[in-house]
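The lines below spell out each chain.
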Amino acid sequence: MSEQTTVSSVAAPRRLDVGFIVVAAILLIAAIGLNATVQSLQLTFRKQPVALQTPLKEIQPRLGPWVQISADERLPHEVEDALAANEYVFRDYVDSRLVPAQIIAEFDGKPAPQRRAMLEAIREKAPQAVMNMAVTYYTGMVDTVAHIPDRCYIADGFEPSEYDTKRWACFVPRGDDRAAARFIHFEDNVPGRRAISRNVAYFFHVNGRYTNDPLDVRYTLQNLRERHGYYAKIELMSLLEDRQKASAVMDEFLQHALPEVEKSLPDWQKVKAGEKSAGK
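Worth saying up front: this structure is predicted, and the values here are computed from it rather than measured. (Residues numbered from 1 in each chain as written. Predicted model: local features only at pLDDT ≥ 70, side-chain atom pairs only at ≥ 80, totals over all residues. Heavy atoms only, no water.)

Undergrad: Can you lay out the overall build of the chain for me, pointing to particular residues and giving the numbers?
TA: Tallying secondary structure elements over the chain gives 8 helices and 9 strands in all. For the chain, the proportion of its 280 residues judged to be buried stands at 41%. Residue pairs at least 24 apart in sequence account for 73% of intrachain contacts in the chain once pairs closer than 6 positions are excluded. In the form shown here, the chain has an accessible surface area of approximately 15,800 Å², with 56% of it arising from carbon and sulfur atoms. (Helix = DSSP H or I, 4+ residues; strand = E, 2+ residues; numbered from the N terminus. Buried < 20%, exposed > 50% of the residue type's maximum accessible area, 1.4 Å probe, protein only. Contact = heavy atoms within 4.5 Å. Areas by Shrake-Rupley, 256 points an atom, 1.4 Å probe, with all protein chains shown as cover.)

The following block contains the structure:
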């Protein structure tokens, strides 16, 4: 073996060692710089959860003339896992102006299957007297808003035929120009199933404001300057065929329901005030 070969074989590992040290040093400096930048700009990549003011199940069973006739129950474990939420309510309400008090009283103590059968009997005679409301709550995450009717109803065999955005009167007192609902008409296209079309509306309350856009929710939660993050989805469903009538009934229902739902939702001003106090 020549002297030149010996020198080259020794120099190669040394060059590798120097290269490794240089790369490691660059990565270390970059990590320190990134950490310093994150701290100086007060950026947050993981959101801190925000507690509800009160559990959703404490939303009043009577919302003006609308009376809850379903019982609040936990979903099956696998369904709850798919929903990815443990704070939710799925309720059926009837309009006491259209449904006699004695019929409403008959729901008391009945098991869920019997309640559903009784509700369908009311709905067949007066679909405008029934409203389904779902409120689901998510916090401490930055992710896609997955469970929206645009996807879930289609997966269940329904096809959207009309799609509107409604800024109903119920949103005006909220003082938020972006507050509106997505209003969708779904047709049942599953062969062999009784075809029942339905009108569905949904919107979100995210970090203290309303929006009907799932992407807006995601962008809001991805704001690196926000320490906390939450959103609630409010969804309504009616089997009224007439969309104009369904829209009017939903708006009227929400004028009674939204103030009660908001009592459970976080007080964003208090959350922000707490951040300022913690930062002192």
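Here the narrative resumes.
Undergrad: Go over the layout of surface pockets with me, naming the residues and quoting the values.
TA: One number sums up the size of the largest pocket: a volume of about 1,400 Å³. At the level of secondary structure, the elements contributing two or more residues to the lining of the largest pocket comprise α2 (77–83), β3 (87–95), α4 (112–125), β4 (130–139), α5 (149–155) and β9 (230–238). Split by residue class, the lining of the largest pocket holds 25 nonpolar, 5 polar and 16 charged. Along the walls of the second largest pocket sit 14 residues, with His 205, Gly 208, Arg 209, Trp 268 and Gln 269 positioned nearest its centre. Taken together, the elements giving at least two residues each to the lining of the second largest pocket come down to β8 (209–211) and α8 (268–279). Taken together, the residues of the lining of the second largest pocket break down into 4 nonpolar, 6 polar and 4 charged. (1 Å grid on protein atoms, 1.4 Å probe; cavity = no way out; pocket = protein on both sides within 12 Å on 5 of 7 lines; lining within 4 Å. Points joined across faces, edges and corners; volume = space filled by probe spheres on them. Nonpolar A, V, L, I, M, F, W, Y, C, P; charged D, E, K, R; others polar.)

Undergrad: Run through the packing of aromatic side chains, naming residues and quoting values.
TA: Evaluated as defined, the whole model comprises 15 aromatic pairs. Where Trp 168 meets Phe 183, the ring centres are 5.9 Å apart and the plane angle is 70°; that geometry is what we call edge-to-face. Pair noted here: Trp 168 is in the loop between β5 (158–166) and β6 (181–188) and Phe 183 is in strand β6, with a separation of 15 residues, a long-range link. Neither Trp 168 nor Phe 183 differs from the other in exposure class; each is buried. (Phe/Tyr/Trp six-rings, centres within 6.5 Å; stacked < 30°, edge-to-face > 60°.)

Undergrad: Before we move on, could you go through the side chain of Asn 207 and cite the residues and values that matter?
TA: Checked against the element boundaries, Asn 207 lands in the loop between β7 (198–206) and β8. Residue Asn 207 is classed as buried on the basis of its relative accessible area of 8%. A polar atom in the side chain of Asn 207 sits 3.0 Å from the backbone nitrogen of Tyr 230. With residues up to four places along the chain from it excluded, the contact list for Asn 207 reads Thr 220, Leu 221, Glu 226, His 228, Gly 229, Tyr 230 and Trp 268. (Polar contact = N/O pair within 3.5 Å; in protein donor to acceptor, adjacent residues only side chain to side chain.)

Undergrad: Hey, could you go over the side chain of Asp 150 for me, with residue numbers and the actual values?
TA: Within the secondary structure, Asp 150 sits in helix α5. Given the relative accessible area of 17%, Asp 150 is considered buried. Of note is the side chain of Asp 150, whose polar atom sits 2.4 Å from the side chain of Tyr 163. At 2.6 Å, the side chain of Asp 150 and the side chain of Tyr 202 are in polar contact. Look past the residues within four positions of Asp 150 in its chain and what remains in contact with it is Tyr 163, Arg 182, Ile 184, Phe 186 and Tyr 202.

Undergrad: Break down helix α7 (residues 243–264) for me, with residues and values.
TA: Compared with the 32 Å implied by 1.5 Å per residue over 22 residues, the 30 Å span of α7 between its first and last C-alpha is a close match. Where α7 bends most, the angle comes to about 40°, and this point is Gln 255, followed within four residues by the proline Pro 259. Capping the start of α7, Asp 242 holds a side-chain oxygen 2.9 Å from the backbone nitrogen of Gln 244, two or three residues further along. (Expected span 1.5 Å × (residues − 1). Bend = angle between axes of the 7 residues up to and from the residue.)

Undergrad: With reference to specific residues and values, describe empty space enclosed by the protein.
TA: What the rule picks out here adds up to 1 cavity of 30 Å³ or more. The calculated volume of the largest cavity comes to roughly 30 Å³.

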